[in-house]
Amino acid sequence: MFDYLIVGAGFAGSVLAERLATRSNKKVLIVDKRNHIAGNAYDHYNEDGILVHKYGPHIFHTNAKDVFEYLSNFTDWRPYEHWVLASVDGQHVPIPINLDTINKLYGTNMTSFEVDAFLESLAEEIPVIKTSEDVVVSKVGRELYEKFFRNYTRKQWGLDPSELDKSVTSRVPTRTNRDRRYFTDTYQAMPLHGYTKMFEKMLDHPNIKVMLNTDYHEIVNMIPFKEMIFTGPVDEYFDYKFGKLPYRSLEFKHETLNKEQHLEAPVVNYPNEHLYTRITEFKALTGQTHPKTSIVYEYPKAEGDPYYPIPRLENAELYNKYKKLADETPNVHFVGRLATYKYYNMDQVVAQALTLYKKLTEKGEEAQKAKKPTITGSASIIDKLVPRAPAKE
Ligand SMILES: O=c1ccn([C@@H]2O[C@H](COP(=O)(O)OP(=O)(O)O[C@H]3O[C@@H]([C@H](O)CO)[C@H](O)[C@H]3O)[C@@H](O)[C@H]2O)c(=O)[nH]1
């Protein structure tokens, strides 16, 4: 009998497996359809010996000290601050838009103050910011919106930014200084030996059994367990009872080139050219030295493995119906990007999983308390006399 069946060995499932097994001494079975752990963060050495991210670039960044410290139990880190160029008007310029972007694009030599005023002169007044178009147009105006955001977003999501929630393009700031970083979080780093090695360490415990190449439907009625943690698409779990939740998928075209470096930046975005959105050069992220280099092109598509929940009102309304059902389903816990239909970054998924772990242990402790005899009161006396040992790491 397993205490928990965990469906999905990505961040959400693996964090919970690790906590439940090592902190609460629970017996855990974690299953994954794919032939590997680590979910979409899976990385591996390709046939030329270059470390690549099979499912596109994964760059760790967080402001949450507890999340960073938690993951640091399983990996050392390589400090890495991500930066990106966008191919616009035949030039490669920094994105997020900053002082250098504007000067390069317009052939000017403006100061920070001047760029600030320039952007303000372009910005449109939008009383209530609702959509991803509003976010950008209200900060930098329509021309820059069209150069950098409109077509990229159409490619990436199959929707116009005016049809997407403001949260999508709000992920990319606008700056009037020369800061070229994609993220400004306190902790920005890549796992020194890669994500898969970090996951291997998380799941390396006698209480955890890992079953790969397994759809949970194949085993759910054969293997006894007490509770389930589900990290797959929530609509799939409920057999699409209310209809399909839309997800955006990606196709990755990996290539290895016979030269040391290919791109000017770790990632180059292509808002207005090509069918792909961006190219990533992995050695720039991992710091690996190698005479060849590996890159990946990302082609967004509607069908295929679900990668991105699509943030817009009608989808949130449909998800809420599934959420209600999920909340009413006893002994099944839904967590992660697909199961809670949230466009979360890796650190947010880890935080969500740690929060669920806390909730599960509190629930367990309450159940234990409820089982205690009520008439003798001896347990509480013992509790007072014998201080509890601190929980082991
Ligand atoms: O040039 C651009 C860039 C972005 N957009 C629009 O903004 C949306 C959010 O962008 P981003 O946060 O980069 O999206 P994504 O989920 O793909 O980010 C992950 O990729 C890496 C890294 O950023 C790669 O450089 C990182 O690990 C993740 O955060 C985007 O969907 C567009 O709608 C735009 O229009 N033009």
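Per an unreviewed UniProt entry, the chain goes by the name UDP-galactopyranose mutase and belongs to Hymenobacter koreensis. The Cofactor (unreviewed entry) field of the UniProt record for the chain holds the comment "FAD".

Here's the deal with the environment of Lys 359
Take Lys 359: it is sitting in helix H11 (residues 346-371). With a relative accessible area of 55%, Lys 359 lands in the exposed category. Between the alpha carbons of Lys 359 and Gln 156 there is a distance of 36 Å; along the sequence they are 203 residues apart.

Details of the nonpolar core
Among the nonpolar cores identified, the biggest contains 107 residues, and Phe 11, Leu 16, Leu 71 and Phe 148 are the most heavily contacted of them. Core analysis: the second largest hydrophobic core is formed by eight residues, Leu 263, Val 268, Tyr 270 and Tyr 276 among them.

Digging into the environment of Leu 144
Counting through the fold element by element, Leu 144 comes out in helix H5 (residues 132-157). C-alpha of Leu 144 to C-alpha of Lys 209: the two residues are 65 residues apart in sequence and 51 Å apart in space. Apart from residues lying up to four places away in sequence, Leu 144 is in contact with Ile 97, Ile 102, Leu 105, Tyr 106, Leu 119, Leu 122 and Phe 149.

Details of the pattern of salt bridges
Taken as a whole and judged by the stated rule, the model has 23 salt bridges. Among the salt bridges present, the one from Asp 3 reaches Lys 226, with a minimum N-O distance of 3.0 Å. Of the two residues, Asp 3 is situated in strand E1 (residues 2-7) and Lys 226 in strand E11 (residues 225-230); the sequence distance between them amounts to 223 residues. Relative accessible area serves as the criterion here: at 12%, Asp 3 is assigned to the buried category. Where salt bridges share partners, they join Glu 81, Asp 179 and Arg 181 into one cluster.

A short note on the side chain of Asn 269
Within the secondary structure, Asn 269 is located in strand E13 (residues 267-269). For Asn 269, a relative accessible area of 7% gives the class buried. With sequence-adjacent residues up to four places away left out, Asn 269 is seen in contact with Val 84, Leu 85, Ala 86, Ser 87, Ile 95, Tyr 152, Tyr 182, Thr 277 and Arg 278.

As for the site of the ligand
Taken together, 21 residues sit near the ligand, with His 82, Thr 153, Arg 171, Tyr 182 and Tyr 343 positioned nearest. Within the backbone of Phe 148, a nitrogen or oxygen atom sits 3.0 Å from a nitrogen atom of the ligand. Take Arg 278: an N or O atom from its side chain is 3.0 Å from an oxygen atom of the ligand. In isolation the ligand exposes 690 Å². Once the protein is present, 96% of that is buried. Put simply, the parts of the chain that give the shell around the ligand at least two residues each are H5 and E13. Classifying every residue of the shell around the ligand gives 15 nonpolar, four polar and two charged.

Quick notes on the rules
- Residues numbered from 1 in each chain as written.
- Predicted model: local features only at pLDDT ≥ 70, side-chain atom pairs only at ≥ 80, totals over all residues.
- Heavy atoms only, no water.
- UniProt positions renumbered as here; feature names shortened; annotations may be inferred.
- Helix = DSSP H or I, 4+ residues; strand = E, 2+ residues; numbered from the N terminus.
- Buried < 20%, exposed > 50% of the residue type's maximum accessible area, 1.4 Å probe, protein only.
- Core = buried A, V, L, I, M, F, W, Y, C linked by side-chain atoms within 4.5 Å.
- Contact = heavy atoms within 4.5 Å.
- Salt bridge = Lys/Arg side-chain N within 4 Å of Asp/Glu carboxyl O.
- Near = heavy atom within 4 Å.
- Polar contact = N/O pair within 3.5 Å; in protein donor to acceptor, adjacent residues only side chain to side chain.
- Areas by Shrake-Rupley, 256 points an atom, 1.4 Å probe, with all protein chains shown as cover.
- Nonpolar A, V, L, I, M, F, W, Y, C, P; charged D, E, K, R; others polar.

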